[in-house]
Amino acid sequence: MRAAIYARYSSDLQSAASIDDQVRLCRERAEGLGHDVIEVFSDYAISASALRTRPGMLALLDAARARSIDLVFAEALDRISRDQEDVAAIFKRLNHADVKLVTLTEGEINELHVGLKGTMNALFLKDLAEKTRRGQRGRVEAGRIPGGNSYGYRMIRRIAEDGSLIRGEREIYPEEAAIVRRIFQEYTEGQPPRAIAASLNRQGIPSPRGGLWNASTINGSRQRRNGILNNELYLGRITYNRQRFVKDPDTAKRISRANPEHFWVTKDVPALRIIEDATWEAAARLRAKFSSRAGNKRQTKKRLFSGLVRCTGCGGAMTIVNRERYSCSARRERGTCACPVSISAADLEARILSALQQILLGRDDLIAGFAASFREEVERQRKSRTDNRPALQKELEKVTRSIDRALAFILEGDGDPGSIRGKLTELEARKRDLERQLSQTHPAPNLEILPNLGDLYRRKVHEMSQLLLDEACRPQAMEIVRSLVERIEVAPGAKRGQANVTLYGALASILDFALGATNAKATADGGFGRVFLVAGAGFEPAAFRL
(Lines give C-alpha, C1' and ligand atoms only; values in the text may rest on other atoms or scores of the structure.)
Protein backbone atom coordinates (compact mmCIF):
# COMPACT_ATOMS: atom_id res chain seq x y z
CA MET A 1 0.00 0.00 0.00
CA ARG A 2 1.05 3.61 -0.58
CA ALA A 3 2.15 5.03 2.76
CA ALA A 4 2.91 8.57 3.93
CA ILE A 5 4.72 9.67 7.08
CA TYR A 6 3.83 12.67 9.23
CA ALA A 7 6.27 14.13 11.76
CA ARG A 8 6.21 17.26 13.91
CA TYR A 9 7.97 18.99 16.77
CA SER A 10 6.34 21.87 18.55
CA SER A 11 8.94 24.32 19.87
CA ASP A 12 11.98 26.28 18.76
CA LEU A 13 13.59 24.94 21.94
CA GLN A 14 13.38 21.40 20.62
CA SER A 15 15.80 19.93 18.09
CA ALA A 16 14.98 19.71 14.41
CA ALA A 17 16.62 16.27 14.53
CA SER A 18 13.41 15.12 16.21
CA ILE A 19 11.77 15.14 12.77
CA ASP A 20 14.48 12.88 11.32
CA ASP A 21 14.14 10.48 14.25
CA GLN A 22 10.37 10.25 13.84
CA VAL A 23 10.62 9.71 10.09
CA ARG A 24 13.28 7.01 10.47
CA LEU A 25 11.23 5.03 12.98
CA CYS A 26 8.03 5.33 10.94
CA ARG A 27 9.82 4.34 7.73
CA GLU A 28 11.23 1.21 9.42
CA ARG A 29 7.75 0.22 10.61
CA ALA A 30 6.10 0.88 7.23
CA GLU A 31 8.73 -0.97 5.19
CA GLY A 32 8.73 -3.81 7.70
CA LEU A 33 5.01 -4.28 7.00
CA GLY A 34 5.63 -4.26 3.25
CA HIS A 35 4.32 -0.76 2.45
CA ASP A 36 5.94 1.74 0.08
CA VAL A 37 6.63 5.17 1.65
CA ILE A 38 5.94 7.61 -1.16
CA GLU A 39 5.84 10.93 0.72
CA VAL A 40 6.85 12.56 4.01
CA PHE A 41 4.95 15.51 5.54
CA SER A 42 6.35 17.52 8.42
CA ASP A 43 5.80 20.66 10.49
CA TYR A 44 8.80 22.30 12.15
CA ALA A 45 8.47 24.22 15.44
CA ILE A 46 4.68 24.39 15.16
CA SER A 47 2.25 23.75 18.00
CA ALA A 48 -0.28 20.97 17.57
CA SER A 49 -3.08 23.02 19.13
CA ALA A 50 -4.09 24.75 15.86
CA LEU A 51 -4.68 22.90 12.58
CA ARG A 52 -4.81 25.80 10.14
CA THR A 53 -1.31 26.98 11.02
CA ARG A 54 0.26 23.62 10.07
CA PRO A 55 1.10 23.49 6.33
CA GLY A 56 2.47 19.96 6.54
CA MET A 57 -0.76 18.54 7.97
CA LEU A 58 -2.88 20.51 5.50
CA ALA A 59 -0.80 19.11 2.62
CA LEU A 60 -1.29 15.60 4.03
CA LEU A 61 -5.06 16.07 4.07
CA ASP A 62 -4.91 17.35 0.46
CA ALA A 63 -3.03 14.20 -0.55
CA ALA A 64 -5.66 12.07 1.20
CA ARG A 65 -8.48 13.86 -0.64
CA ALA A 66 -6.64 13.30 -3.93
CA ARG A 67 -6.51 9.53 -3.16
CA SER A 68 -2.74 9.47 -3.63
CA ILE A 69 -2.05 7.65 -0.32
CA ASP A 70 -3.58 4.69 1.51
CA LEU A 71 -1.84 4.84 4.90
CA VAL A 72 -0.42 7.48 7.24
CA PHE A 73 2.26 6.61 9.80
CA ALA A 74 3.13 8.84 12.78
CA GLU A 75 5.09 8.32 15.97
CA ALA A 76 2.12 8.96 18.26
CA LEU A 77 -1.32 10.52 18.16
CA ASP A 78 -0.06 13.67 19.90
CA ARG A 79 2.17 14.27 16.86
CA ILE A 80 -1.02 14.47 14.81
CA SER A 81 -2.63 16.95 17.21
CA ARG A 82 -3.19 17.67 20.88
CA ASP A 83 -6.46 19.49 20.25
CA GLN A 84 -9.60 17.36 20.63
CA GLU A 85 -11.44 19.12 17.83
CA ASP A 86 -8.53 18.82 15.38
CA VAL A 87 -7.82 15.16 16.23
CA ALA A 88 -11.43 14.32 15.43
CA ALA A 89 -11.42 16.47 12.27
CA ILE A 90 -8.21 14.91 10.91
CA PHE A 91 -9.38 11.37 11.67
CA LYS A 92 -12.76 12.07 10.09
CA ARG A 93 -11.21 13.38 6.87
CA LEU A 94 -8.71 10.56 6.59
CA ASN A 95 -11.45 8.01 7.24
CA HIS A 96 -13.65 9.61 4.55
CA ALA A 97 -10.78 9.26 2.06
CA ASP A 98 -10.30 5.57 3.02
CA VAL A 99 -6.87 6.38 4.47
CA LYS A 100 -5.83 4.50 7.61
CA LEU A 101 -3.92 6.25 10.39
CA VAL A 102 -1.30 4.16 12.20
CA THR A 103 0.99 5.30 15.03
CA LEU A 104 3.97 3.51 16.50
CA THR A 105 2.60 3.99 20.02
CA GLU A 106 -1.11 3.22 19.65
CA GLY A 107 -1.23 1.10 16.47
CA GLU A 108 -4.10 1.62 14.02
CA ILE A 109 -6.21 4.55 15.23
CA ASN A 110 -9.95 4.15 15.66
CA GLU A 111 -12.77 6.15 17.26
CA LEU A 112 -11.82 4.94 20.74
CA HIS A 113 -8.28 6.32 20.40
CA VAL A 114 -9.64 9.63 19.12
CA GLY A 115 -11.93 10.03 22.09
CA LEU A 116 -9.61 8.87 24.87
CA LYS A 117 -6.23 10.05 23.59
CA GLY A 118 -7.69 13.33 22.36
CA THR A 119 -9.00 14.01 25.86
CA MET A 120 -5.70 12.99 27.46
CA ASN A 121 -3.68 15.25 25.15
CA ALA A 122 -5.98 18.21 25.83
CA LEU A 123 -5.63 17.61 29.57
CA PHE A 124 -1.85 17.44 29.12
CA LEU A 125 -1.83 20.93 27.58
CA LYS A 126 -3.98 22.27 30.41
CA ASP A 127 -1.80 20.64 33.05
CA LEU A 128 1.35 21.99 31.38
CA ALA A 129 -0.07 25.52 31.46
CA GLU A 130 -0.94 25.16 35.15
CA LYS A 131 2.55 23.92 36.00
CA THR A 132 4.09 26.82 34.06
CA ARG A 133 1.99 29.35 35.98
CA ARG A 134 2.84 27.64 39.27
CA GLY A 135 6.55 27.88 38.46
CA GLN A 136 6.21 31.56 37.56
CA ARG A 137 4.34 32.27 40.78
CA GLY A 138 7.17 30.59 42.68
CA ARG A 139 9.72 32.90 41.05
CA VAL A 140 7.68 35.93 42.04
CA GLU A 141 7.49 34.82 45.66
CA ALA A 142 11.28 34.39 45.58
CA GLY A 143 11.70 37.97 44.31
CA ARG A 144 12.59 36.95 40.75
CA ILE A 145 11.06 38.04 37.43
CA PRO A 146 8.71 35.43 35.90
CA GLY A 147 8.83 36.71 32.33
CA GLY A 148 11.00 38.66 29.92
CA ASN A 149 13.46 41.44 30.65
CA SER A 150 12.40 45.06 31.14
CA TYR A 151 14.25 48.10 29.85
CA GLY A 152 16.64 49.35 32.53
CA TYR A 153 17.67 45.90 33.74
CA ARG A 154 19.87 43.03 32.65
CA MET A 155 19.63 39.33 33.35
CA ILE A 156 21.87 37.53 35.83
CA ARG A 157 22.94 34.03 34.87
CA ARG A 158 23.78 31.95 37.92
CA ILE A 159 24.10 28.23 38.62
CA ALA A 160 22.55 26.75 41.77
CA GLU A 161 24.38 24.33 44.03
CA ASP A 162 22.58 21.40 42.44
CA GLY A 163 23.81 22.46 38.98
CA SER A 164 20.47 23.85 37.74
CA LEU A 165 20.13 27.31 36.15
CA ILE A 166 18.56 29.96 38.39
CA ARG A 167 16.09 31.93 36.28
CA GLY A 168 14.48 35.31 36.77
CA GLU A 169 17.24 37.25 38.57
CA ARG A 170 17.84 40.83 37.43
CA GLU A 171 20.10 43.76 38.21
CA ILE A 172 19.90 47.44 37.29
CA TYR A 173 21.62 48.35 34.00
CA PRO A 174 23.01 51.86 34.75
CA GLU A 175 23.01 53.22 31.16
CA GLU A 176 19.39 52.25 30.51
CA ALA A 177 18.28 53.20 34.01
CA ALA A 178 19.54 56.74 33.32
CA ILE A 179 17.26 56.87 30.23
CA VAL A 180 14.30 55.70 32.33
CA ARG A 181 14.93 58.47 34.88
CA ARG A 182 15.25 61.00 32.04
CA ILE A 183 11.90 59.94 30.55
CA PHE A 184 10.13 60.31 33.89
CA GLN A 185 11.81 63.67 34.54
CA GLU A 186 10.91 65.12 31.13
CA TYR A 187 7.36 63.80 31.38
CA THR A 188 6.79 65.38 34.81
CA GLU A 189 8.19 68.64 33.41
CA GLY A 190 5.41 68.71 30.84
CA GLN A 191 6.88 67.09 27.73
CA PRO A 192 4.46 64.70 25.96
CA PRO A 193 5.59 61.16 25.10
CA ARG A 194 5.79 61.98 21.38
CA ALA A 195 8.27 64.80 22.04
CA ILE A 196 10.34 62.58 24.35
CA ALA A 197 10.45 59.80 21.74
CA ALA A 198 11.48 62.24 19.02
CA SER A 199 14.27 63.62 21.22
CA LEU A 200 15.62 60.15 21.97
CA ASN A 201 15.53 59.22 18.28
CA ARG A 202 17.38 62.39 17.25
CA GLN A 203 20.15 61.50 19.70
CA GLY A 204 20.40 57.96 18.33
CA ILE A 205 19.49 56.26 21.61
CA PRO A 206 18.17 52.76 20.83
CA SER A 207 14.73 51.76 22.06
CA PRO A 208 14.07 48.69 24.26
CA ARG A 209 13.93 46.56 21.12
CA GLY A 210 16.97 48.21 19.56
CA GLY A 211 15.12 50.31 16.98
CA LEU A 212 13.38 53.67 17.12
CA TRP A 213 11.34 54.96 20.04
CA ASN A 214 7.56 55.33 19.69
CA ALA A 215 5.27 57.36 21.88
CA SER A 216 3.40 54.14 22.71
CA THR A 217 6.64 52.61 24.05
CA ILE A 218 6.74 55.38 26.64
CA ASN A 219 3.03 55.91 27.26
CA GLY A 220 1.89 52.29 27.13
CA SER A 221 -1.64 51.20 27.96
CA ARG A 222 -3.52 52.63 30.94
CA GLN A 223 -5.62 49.47 31.28
CA ARG A 224 -2.80 46.93 31.01
CA ARG A 225 -0.25 49.10 32.82
CA ASN A 226 2.55 48.50 30.35
CA GLY A 227 5.01 50.96 28.80
CA ILE A 228 7.82 52.87 30.50
CA LEU A 229 5.54 55.19 32.51
CA ASN A 230 3.39 52.33 33.84
CA ASN A 231 6.07 49.78 34.73
CA GLU A 232 5.85 49.30 38.51
CA LEU A 233 9.13 47.40 38.49
CA TYR A 234 10.82 50.84 38.43
CA LEU A 235 9.30 51.32 41.90
CA GLY A 236 10.93 48.08 43.04
CA ARG A 237 7.69 46.08 42.82
CA ILE A 238 6.95 42.94 40.78
CA THR A 239 3.34 42.70 39.59
CA TYR A 240 2.37 39.29 38.23
CA ASN A 241 -0.76 37.84 36.61
CA ARG A 242 -2.14 41.12 35.27
CA GLN A 243 -3.20 39.37 32.09
CA ARG A 244 -3.56 35.94 30.55
CA PHE A 245 -3.29 34.72 26.97
CA VAL A 246 -5.79 32.55 25.11
CA LYS A 247 -5.69 31.20 21.57
CA ASP A 248 -8.36 32.19 19.10
CA PRO A 249 -9.81 28.85 17.85
CA ASP A 250 -10.25 30.25 14.33
CA THR A 251 -6.99 32.14 13.75
CA ALA A 252 -4.75 30.34 16.31
CA LYS A 253 -3.41 33.76 17.39
CA ARG A 254 -2.67 34.46 21.03
CA ILE A 255 -4.98 37.12 22.48
CA SER A 256 -4.32 38.86 25.78
CA ARG A 257 -7.12 39.34 28.30
CA ALA A 258 -6.85 41.45 31.43
CA ASN A 259 -7.30 39.70 34.77
CA PRO A 260 -9.28 41.30 37.63
CA GLU A 261 -7.00 43.22 39.99
CA HIS A 262 -7.69 40.86 42.90
CA PHE A 263 -5.93 38.12 40.88
CA TRP A 264 -2.71 40.11 40.72
CA VAL A 265 0.32 39.03 42.74
CA THR A 266 2.81 41.66 43.93
CA LYS A 267 6.23 41.38 45.54
CA ASP A 268 8.55 44.18 46.68
CA VAL A 269 12.14 44.03 45.40
CA PRO A 270 13.85 47.21 46.70
CA ALA A 271 17.15 46.34 44.98
CA LEU A 272 15.49 46.93 41.57
CA ARG A 273 14.07 50.39 42.34
CA ILE A 274 14.97 53.05 39.73
CA ILE A 275 12.32 55.77 40.27
CA GLU A 276 11.58 57.49 43.57
CA ASP A 277 8.05 57.68 44.94
CA ALA A 278 7.75 61.46 44.46
CA THR A 279 8.62 61.26 40.75
CA TRP A 280 6.36 58.27 40.20
CA GLU A 281 3.41 59.98 41.90
CA ALA A 282 3.94 63.17 39.89
CA ALA A 283 3.88 61.15 36.66
CA ALA A 284 0.81 59.26 37.86
CA ARG A 285 -1.05 62.53 38.49
CA LEU A 286 -0.32 63.66 34.95
CA ARG A 287 -1.49 60.35 33.54
CA ALA A 288 -4.68 60.60 35.58
CA LYS A 289 -5.21 64.14 34.32
CA PHE A 290 -5.33 62.93 30.72
CA SER A 291 -7.06 59.64 31.44
CA SER A 292 -10.52 61.17 31.00
CA ARG A 293 -9.72 62.35 27.49
CA ALA A 294 -11.01 60.16 24.68
CA GLY A 295 -7.80 60.34 22.71
CA ASN A 296 -7.42 58.35 19.52
CA LYS A 297 -9.86 55.54 20.18
CA ARG A 298 -9.36 52.27 18.41
CA GLN A 299 -11.26 52.02 15.15
CA THR A 300 -14.14 49.56 15.47
CA LYS A 301 -14.64 49.30 11.69
CA LYS A 302 -11.78 48.62 9.31
CA ARG A 303 -11.17 51.41 6.82
CA LEU A 304 -11.31 50.59 3.12
CA PHE A 305 -7.59 51.22 2.55
CA SER A 306 -6.16 50.49 6.00
CA GLY A 307 -2.55 49.35 5.78
CA LEU A 308 -2.17 50.49 2.16
CA VAL A 309 -1.55 54.23 2.64
CA ARG A 310 2.09 55.36 2.66
CA CYS A 311 3.83 58.68 3.32
CA THR A 312 6.11 59.81 0.47
CA GLY A 313 8.36 61.62 2.91
CA CYS A 314 9.63 58.51 4.70
CA GLY A 315 7.87 55.59 3.04
CA GLY A 316 6.24 54.65 6.33
CA ALA A 317 2.61 53.87 7.04
CA MET A 318 -0.04 56.53 7.44
CA THR A 319 -2.61 55.79 10.14
CA ILE A 320 -5.91 57.30 11.22
CA VAL A 321 -5.76 60.16 13.72
CA ASN A 322 -8.73 61.94 15.28
CA ARG A 323 -10.88 59.17 13.78
CA GLU A 324 -11.02 60.80 10.34
CA ARG A 325 -7.62 61.70 8.85
CA TYR A 326 -4.62 59.77 7.59
CA SER A 327 -1.34 61.09 8.97
CA CYS A 328 2.25 59.85 8.93
CA SER A 329 2.78 57.49 11.86
CA ALA A 330 6.55 58.08 11.97
CA ARG A 331 6.03 61.85 12.24
CA ARG A 332 3.51 61.54 15.07
CA GLU A 333 4.97 58.66 17.05
CA ARG A 334 8.72 58.96 16.46
CA GLY A 335 9.39 62.46 15.16
CA THR A 336 11.60 61.00 12.40
CA CYS A 337 9.64 62.33 9.40
CA ALA A 338 9.35 65.97 8.37
CA CYS A 339 6.53 65.51 5.85
CA PRO A 340 3.48 67.40 7.21
CA VAL A 341 0.89 66.02 4.79
CA SER A 342 -2.39 64.51 5.98
CA ILE A 343 -5.65 63.74 4.20
CA SER A 344 -9.22 63.06 5.16
CA ALA A 345 -10.08 59.36 4.96
CA ALA A 346 -13.37 60.20 3.27
CA ASP A 347 -11.59 62.39 0.70
CA LEU A 348 -9.01 59.68 -0.02
CA GLU A 349 -11.63 56.97 -0.47
CA ALA A 350 -13.79 59.20 -2.67
CA ARG A 351 -10.85 60.05 -4.94
CA ILE A 352 -9.76 56.46 -5.41
CA LEU A 353 -13.26 55.04 -5.92
CA SER A 354 -14.08 57.79 -8.42
CA ALA A 355 -10.85 57.16 -10.30
CA LEU A 356 -11.40 53.40 -10.38
CA GLN A 357 -14.89 53.89 -11.78
CA GLN A 358 -13.58 56.23 -14.48
CA ILE A 359 -10.79 53.82 -15.39
CA LEU A 360 -13.06 50.78 -15.46
CA LEU A 361 -15.85 52.51 -17.42
CA GLY A 362 -13.87 55.02 -19.47
CA ARG A 363 -13.43 52.88 -22.58
CA ASP A 364 -15.89 50.52 -24.25
CA ASP A 365 -13.04 48.49 -25.77
CA LEU A 366 -11.78 47.67 -22.26
CA ILE A 367 -15.22 46.40 -21.28
CA ALA A 368 -15.54 44.44 -24.51
CA GLY A 369 -12.06 43.01 -24.00
CA PHE A 370 -12.96 41.96 -20.47
CA ALA A 371 -16.16 40.26 -21.63
CA ALA A 372 -14.38 38.47 -24.51
CA SER A 373 -11.55 37.27 -22.28
CA PHE A 374 -14.04 36.09 -19.68
CA ARG A 375 -15.93 34.03 -22.25
CA GLU A 376 -12.70 32.58 -23.63
CA GLU A 377 -11.52 31.56 -20.17
CA VAL A 378 -14.84 29.91 -19.30
CA GLU A 379 -14.81 28.02 -22.60
CA ARG A 380 -11.19 26.93 -22.04
CA GLN A 381 -11.99 25.62 -18.57
CA ARG A 382 -15.08 23.83 -19.89
CA LYS A 383 -13.05 22.07 -22.59
CA SER A 384 -10.23 21.18 -20.19
CA ARG A 385 -12.65 19.58 -17.75
CA THR A 386 -13.34 16.22 -19.28
CA ASP A 387 -16.13 13.93 -18.16
CA ASN A 388 -14.69 10.43 -17.78
CA ARG A 389 -17.97 8.82 -16.79
CA PRO A 390 -18.62 7.29 -20.26
CA ALA A 391 -15.19 5.64 -20.28
CA LEU A 392 -15.67 4.27 -16.76
CA GLN A 393 -19.16 3.01 -17.62
CA LYS A 394 -17.88 1.32 -20.77
CA GLU A 395 -15.08 -0.44 -18.88
CA LEU A 396 -17.51 -1.50 -16.13
CA GLU A 397 -19.79 -3.13 -18.72
CA LYS A 398 -16.79 -4.95 -20.23
CA VAL A 399 -15.66 -6.24 -16.81
CA THR A 400 -19.21 -7.36 -15.99
CA ARG A 401 -19.44 -9.32 -19.26
CA SER A 402 -16.09 -10.97 -18.53
CA ILE A 403 -17.32 -12.03 -15.06
CA ASP A 404 -20.52 -13.46 -16.57
CA ARG A 405 -18.55 -15.44 -19.17
CA ALA A 406 -16.19 -16.80 -16.51
CA LEU A 407 -19.08 -17.94 -14.33
CA ALA A 408 -20.86 -19.54 -17.31
CA PHE A 409 -17.66 -21.32 -18.26
CA ILE A 410 -17.40 -22.81 -14.75
CA LEU A 411 -21.10 -23.70 -14.41
CA GLU A 412 -21.23 -25.47 -17.78
CA GLY A 413 -18.32 -27.68 -16.68
CA ASP A 414 -16.00 -26.66 -19.51
CA GLY A 415 -13.05 -25.81 -17.26
CA ASP A 416 -11.36 -26.22 -13.90
CA PRO A 417 -12.68 -23.59 -11.40
CA GLY A 418 -9.33 -23.49 -9.63
CA SER A 419 -7.48 -22.36 -12.75
CA ILE A 420 -9.59 -19.23 -13.23
CA ARG A 421 -10.34 -18.36 -9.60
CA GLY A 422 -7.48 -15.81 -9.46
CA LYS A 423 -8.62 -14.04 -12.63
CA LEU A 424 -12.19 -13.92 -11.38
CA THR A 425 -11.02 -12.34 -8.10
CA GLU A 426 -9.17 -9.62 -10.05
CA LEU A 427 -12.27 -8.91 -12.17
CA GLU A 428 -14.48 -8.59 -9.07
CA ALA A 429 -11.99 -6.18 -7.45
CA ARG A 430 -11.83 -4.09 -10.62
CA LYS A 431 -15.63 -4.01 -10.80
CA ARG A 432 -15.87 -2.69 -7.23
CA ASP A 433 -13.23 -0.04 -7.97
CA LEU A 434 -15.06 1.14 -11.11
CA GLU A 435 -18.38 1.31 -9.27
CA ARG A 436 -16.73 3.39 -6.52
CA GLN A 437 -15.22 5.79 -9.06
CA LEU A 438 -18.55 6.20 -10.85
CA SER A 439 -20.31 6.97 -7.57
CA GLN A 440 -17.79 9.73 -6.84
CA THR A 441 -17.62 11.20 -10.35
CA HIS A 442 -20.04 13.90 -11.34
CA PRO A 443 -20.61 15.12 -14.89
CA ALA A 444 -19.04 18.44 -15.83
CA PRO A 445 -21.60 21.24 -15.40
CA ASN A 446 -22.92 22.98 -18.48
CA LEU A 447 -21.95 26.60 -17.75
CA GLU A 448 -24.08 29.28 -19.35
CA ILE A 449 -22.44 32.63 -20.13
CA LEU A 450 -24.63 35.69 -19.72
CA PRO A 451 -25.11 37.44 -23.07
CA ASN A 452 -25.24 40.90 -21.41
CA LEU A 453 -21.93 40.50 -19.57
CA GLY A 454 -20.82 44.03 -20.50
CA ASP A 455 -23.99 45.59 -19.08
CA LEU A 456 -23.65 43.56 -15.89
CA TYR A 457 -20.04 44.72 -15.61
CA ARG A 458 -21.04 48.41 -15.95
CA ARG A 459 -23.82 48.09 -13.38
CA LYS A 460 -21.57 46.42 -10.81
CA VAL A 461 -18.88 49.08 -11.22
CA HIS A 462 -21.49 51.83 -10.80
CA GLU A 463 -22.70 50.11 -7.62
CA MET A 464 -19.20 49.96 -6.10
CA SER A 465 -19.72 52.79 -3.60
CA GLN A 466 -23.20 51.58 -2.61
CA LEU A 467 -21.94 48.05 -1.98
CA LEU A 468 -19.35 49.42 0.44
CA LEU A 469 -22.15 51.02 2.47
CA ASP A 470 -24.16 47.79 2.68
CA GLU A 471 -23.04 45.95 5.84
CA ALA A 472 -23.92 42.58 4.32
CA CYS A 473 -21.87 43.15 1.16
CA ARG A 474 -19.13 45.37 2.63
CA PRO A 475 -16.54 42.66 3.50
CA GLN A 476 -16.62 41.12 0.02
CA ALA A 477 -16.72 44.50 -1.72
CA MET A 478 -13.76 45.72 0.34
CA GLU A 479 -11.78 42.61 -0.58
CA ILE A 480 -12.42 43.17 -4.29
CA VAL A 481 -11.49 46.86 -4.21
CA ARG A 482 -8.37 46.25 -2.10
CA SER A 483 -7.25 43.53 -4.52
CA LEU A 484 -6.87 46.25 -7.19
CA VAL A 485 -4.50 48.27 -4.99
CA GLU A 486 -0.91 47.55 -4.05
CA ARG A 487 -0.26 50.80 -2.19
CA ILE A 488 -1.37 54.42 -2.03
CA GLU A 489 1.21 57.20 -1.67
CA VAL A 490 0.25 60.61 -0.28
CA ALA A 491 2.46 63.67 -0.91
CA PRO A 492 2.07 67.41 -0.19
CA GLY A 493 0.16 69.34 -2.85
CA ALA A 494 1.00 72.64 -4.49
CA LYS A 495 -0.83 74.61 -1.81
CA ARG A 496 -0.92 74.30 1.93
CA GLY A 497 -3.46 71.72 3.05
CA GLN A 498 -3.61 69.99 -0.33
CA ALA A 499 -2.48 66.41 -0.91
CA ASN A 500 -1.49 64.52 -4.04
CA VAL A 501 -2.46 60.85 -4.13
CA THR A 502 -0.77 58.20 -6.29
CA LEU A 503 -2.31 54.75 -6.58
CA TYR A 504 -0.15 51.71 -7.39
CA GLY A 505 -1.80 48.48 -8.42
CA ALA A 506 -2.07 45.69 -10.98
CA LEU A 507 -5.36 46.97 -12.41
CA ALA A 508 -3.88 48.51 -15.57
CA SER A 509 -1.89 45.38 -16.36
CA ILE A 510 -4.95 43.18 -15.87
CA LEU A 511 -6.93 45.27 -18.36
CA ASP A 512 -3.92 45.33 -20.67
CA PHE A 513 -3.75 41.53 -20.53
CA ALA A 514 -7.47 41.27 -21.26
CA LEU A 515 -6.95 43.26 -24.48
CA GLY A 516 -3.96 41.13 -25.48
CA ALA A 517 -1.68 44.18 -25.80
CA THR A 518 1.78 44.75 -24.38
CA ASN A 519 1.44 48.45 -23.58
CA ALA A 520 -1.60 50.68 -23.21
CA LYS A 521 -2.27 54.17 -21.97
CA ALA A 522 -5.69 55.57 -21.16
CA THR A 523 -6.68 58.91 -19.69
CA ALA A 524 -9.94 60.14 -18.23
CA ASP A 525 -10.96 63.52 -16.89
CA GLY A 526 -12.30 63.52 -13.34
CA GLY A 527 -13.49 65.91 -10.69
CA PHE A 528 -10.11 65.71 -8.95
CA GLY A 529 -7.93 66.61 -11.92
CA ARG A 530 -6.27 64.37 -14.46
CA VAL A 531 -6.27 60.61 -13.94
CA PHE A 532 -3.41 58.72 -15.59
CA LEU A 533 -3.39 54.98 -16.19
CA VAL A 534 -0.17 53.38 -17.45
CA ALA A 535 0.08 49.65 -18.08
CA GLY A 536 3.50 48.08 -18.18
CA ALA A 537 4.61 44.84 -19.73
CA GLY A 538 3.42 41.60 -18.22
CA PHE A 539 1.78 42.01 -14.82
CA GLU A 540 3.94 44.78 -13.42
CA PRO A 541 2.08 47.19 -11.11
CA ALA A 542 0.85 50.41 -12.64
CA ALA A 543 0.56 53.87 -11.07
CA PHE A 544 -2.36 56.29 -11.13
CA ARG A 545 -1.99 59.87 -9.96
CA LEU A 546 -5.23 61.18 -8.51
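All values reported here derive from a predicted model rather than from experimental measurement.

Q: Explain the overall build of the chain to me, please; I cannot follow it from the model alone.
A: Assigned secondary structure in the chain consists of 18 helices and 22 strands. Within the chain, the proportion of its 546 residues that are buried is 36%. Roughly 31,900 Å² of accessible area belongs to the chain as shown, and the carbon and sulfur atoms make up 50% of that amount.

Q: Would you mind going over helix 9 (residues 277-290) with me for this structure?
A: Helix length check: helix 9, at 14 residues, gives a terminal C-alpha distance of 20 Å against a target of 20 Å (1.5 Å per residue), a fit within 8%. Trp-280, Ala-282, Ala-283 and Arg-287 are the residues of helix 9 that are buried. The arc that holds every buried residue of helix 9, seen down its axis, measures 165 degrees, which confines them to one face. Turned more than 90 degrees away from the buried face of helix 9, the exposed residues are Ala-278, Arg-285 and Lys-289.

Q: It is not clear to me how helix 17 (residues 474-483) should be interpreted in this structure. Could you clarify?
A: Note on helix geometry: an α-helix contains 3.6 residues per turn, so any two residues three or four positions apart are oriented the same way. Among the residues of helix 17, those classed as buried are Arg-474, Ala-477, Met-478 and Val-481. Mapping the buried residues of helix 17 onto a view down its axis gives an arc of 100 degrees, with all of them on the same face. Exposed residues pointing more than 90 degrees away from the buried face of helix 17 are listed as Pro-475, Gln-476, Glu-479 and Ser-483.

Q: Teacher, can you tell me more about the packing of aromatic side chains here?
A: Working definition: an aromatic ring pair is given by the centre-to-centre distance plus the angle between the planes. Throughout the structure, instances matching the rule amount to 4 aromatic pairs. With 6.3 Å between their ring centres and 85 degrees between their planes, Phe-184 and Tyr-234 make a pair best called edge-to-face. Of this pair, Phe-184 sits in helix 6 (residues 174-188) while Tyr-234 sits in the loop between helix 8 (215-219) and strand 10 (237-240), and the two are 50 residues apart along the sequence. Like Tyr-234, Phe-184 is buried. In textbook terms, an aromatic cluster arises when at least three aromatic residues are bridged by ring pairs, as seen for Tyr-153, Phe-184, Tyr-234 and Trp-280. Positioned above the aromatic ring of Tyr-504, the side-chain terminus of Arg-487 is 3.8 Å from the ring centre.

The rules behind each value
- Residues numbered from 1 in each chain as written.
- Predicted model: local features only at pLDDT ≥ 70, side-chain atom pairs only at ≥ 80, totals over all residues.
- Heavy atoms only, no water.
- Helix = DSSP H or I, 4+ residues; strand = E, 2+ residues; numbered from the N terminus.
- Buried < 20%, exposed > 50% of the residue type's maximum accessible area, 1.4 Å probe, protein only.
- Areas by Shrake-Rupley, 256 points an atom, 1.4 Å probe, with all protein chains shown as cover.
- Expected span 1.5 Å × (residues − 1).
- Arc of directions from axis to C-beta.
- Phe/Tyr/Trp six-rings, centres within 6.5 Å; stacked < 30°, edge-to-face > 60°.
- Lys NZ or Arg CZ within 6 Å of the ring centre and 35° of its normal.

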